[in-house]
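The primary structure of each chain is shown beneath.
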Amino acid sequence: MHDDLGRDIRYLRLSVTDRCNCRCIYCMPEHGVPMLSHADILSFEEMRGIVAAAASLGVQKVRLTGGEPLARRGIVDLVGMASSVPGIEEVDMTTNATLLAPVAKDLRAAGLSRLNVSLDTLNAERYARITRRGSLADALAGLEAAHDAGFSNTKVNCVLVGGVNDDELRTMALLACDHDLTVRFIELMRMGECARWPKGRFVSADAVLDAVPELAPVGKEGVSELYHAPGWRGSVGLIRPMTHRFCSGCDRIRVTADGRLKPCLHSSVEVSLRGLTGQELVEAMRGGIASKPRGHRMDDGRASDSARPMNEIGG
């Protein structure tokens, strides 16, 4: 399935819940946001139907997101349901990993392919301040459990926030020296809680190359520019939506936990899929994909056009 600009759409990011056990400063207000009721959230059967419709249109990869997907009861069952859909070659998950340790082996057995773990600092006190209620020890235990369960090519996602964690760039990058994983640094975007933040909070990913000068480019993986250093087991990735827009190569769509397709993270356009089945669902998704915009408009300090915070869209 191609959109109207010829981009080949092969990647679905499916939010399974808007709830999260953390309140990260760039994602949610300190006291949270109004949560969807249980009746407003897609059932697992509805989610599988959406995955199947997406697969019929050429989607091959599904990423389960949140909120925090591990906060959704029965998530292991959903992994099994999604991975069994014909045409789906990969089912991944983005998680803060604080709830991961007890279920890592079950997720792997159910068919989960890979994990992206959100981790913005290796300082326990700072982690508590950034997440407002999370435990670094729990997150690290989740990473270790993932390794023990047989997950490989794990990615650690670190959001760059000036004046908050930009003094840890080398420390974070060095995780890839001793471990077979990719540490990806993501530029902060002007949306949700961050839309009104001062300019100094927005740090170019070039700062990582300044902090770790031994890194050399080795190619790309999706939207991530990959770097490697001699003797390192893993790699470093830079994701630069603000300074190096990659919209022209975007191959993804998103579906929110309440069943609305977002052709673009930063667009206000949403297509309701709730209650649709069969060919009607396929055609609604086809129309949403076709209307995918050329790119975001977060230039010169402009905020995202999305009306939703990240916890409602899916990280």
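One structure accompanies this document, and this report is about it.

About the cut-offs
Residues numbered from 1 in each chain as written. Predicted model: local features only at pLDDT ≥ 70, side-chain atom pairs only at ≥ 80, totals over all residues. Heavy atoms only, no water. Helix = DSSP H or I, 4+ residues; strand = E, 2+ residues; numbered from the N terminus. Contact = heavy atoms within 4.5 Å. Areas by Shrake-Rupley, 256 points an atom, 1.4 Å probe, with all protein chains shown as cover. Expected span 1.5 Å × (residues − 1). Buried < 20%, exposed > 50% of the residue type's maximum accessible area, 1.4 Å probe, protein only. 1 Å grid on protein atoms, 1.4 Å probe; cavity = no way out; pocket = protein on both sides within 12 Å on 5 of 7 lines; lining within 4 Å. Points joined across faces, edges and corners; volume = space filled by probe spheres on them. Nonpolar A, V, L, I, M, F, W, Y, C, P; charged D, E, K, R; others polar. Salt bridge = Lys/Arg side-chain N within 4 Å of Asp/Glu carboxyl O. Polar contact = N/O pair within 3.5 Å; in protein donor to acceptor, adjacent residues only side chain to side chain.

What about the overall build of the protein chain?
Then step 1. Within the protein chain one finds 10 helices and 12 strands.
Then step 2. Seen through its principal axes, the protein chain has C-alpha atoms that stretch 50 × 45 × 40 Å.
Then step 3. Put simply, 72% of the contacts in the protein chain that link residues at least 6 apart link residues at least 24 apart.
Then step 4. Approximately 13,300 Å² of the protein chain is accessible, and the part contributed by carbon and sulfur atoms is 50%.

Focus on helix H1 (residues 44-56)
Then step 1. In a regular helix each residue adds 1.5 Å, so 13 residues correspond to 18 Å; H1 covers 18 Å between its end C-alpha atoms and thus fits that length.
Then step 2. Residues Phe44, Met47, Ile50, Val51, Ala53, Ala54 and Ala55 constitute the buried set of H1.
Then step 3. Just beyond H1, the residue with positive phi is Gly58, at close to 110 degrees.

Quick look at the layout of surface pockets
Then step 1. In this structure, the second largest pocket encloses a volume near 360 Å³.
Then step 2. Lining of the second largest pocket is provided by 16 residues; of these, Leu143, His147, His179, Asp180 and Leu181 occupy positions nearest its centre.
Then step 3. At 5 residues, the largest contribution of residues to the lining of the second largest pocket is made by helix H5 (residues 136-148).
Then step 4. Taken together, the residues that form the lining of the second largest pocket break down as 8 nonpolar, 5 polar and 3 charged.

Examining the pattern of salt bridges
Then step 1. Applying the stated rule across the entire model yields 16 salt bridges.
Then step 2. For Arg114, the salt bridge is made with Asp92, and the minimal N-O distance between the two is 3.8 Å. Note that Arg114 is positioned in strand E4 (residues 114-118) and Asp92 in strand E3 (residues 90-95), a separation of 22 residues in sequence.
Then step 3. Given a relative accessible area of 0%, Asp92 falls into the buried group.
Then step 4. Residues joined by salt bridges that share partners form a network here, namely Lys61, Arg63, Glu90, Asp92, Arg114, Lys155 and Glu221.

A closer look at the environment of Arg274
Then step 1. Looking at where Arg274 falls in the secondary structure, it is placed in the loop between strand E12 (271-272) and helix H9 (278-290).
Then step 2. Sequence spacing of Arg274 and Asn21 is 253 residues, and the spatial spacing of their C-alpha atoms is 26 Å.
Then step 3. Of the polar contacts made by the side chain of Arg274, one reaches the backbone oxygen of Ala39; its length is 3.2 Å.

It is worth stressing that arrangement in space is one thing and function is another; only the former is reported here.
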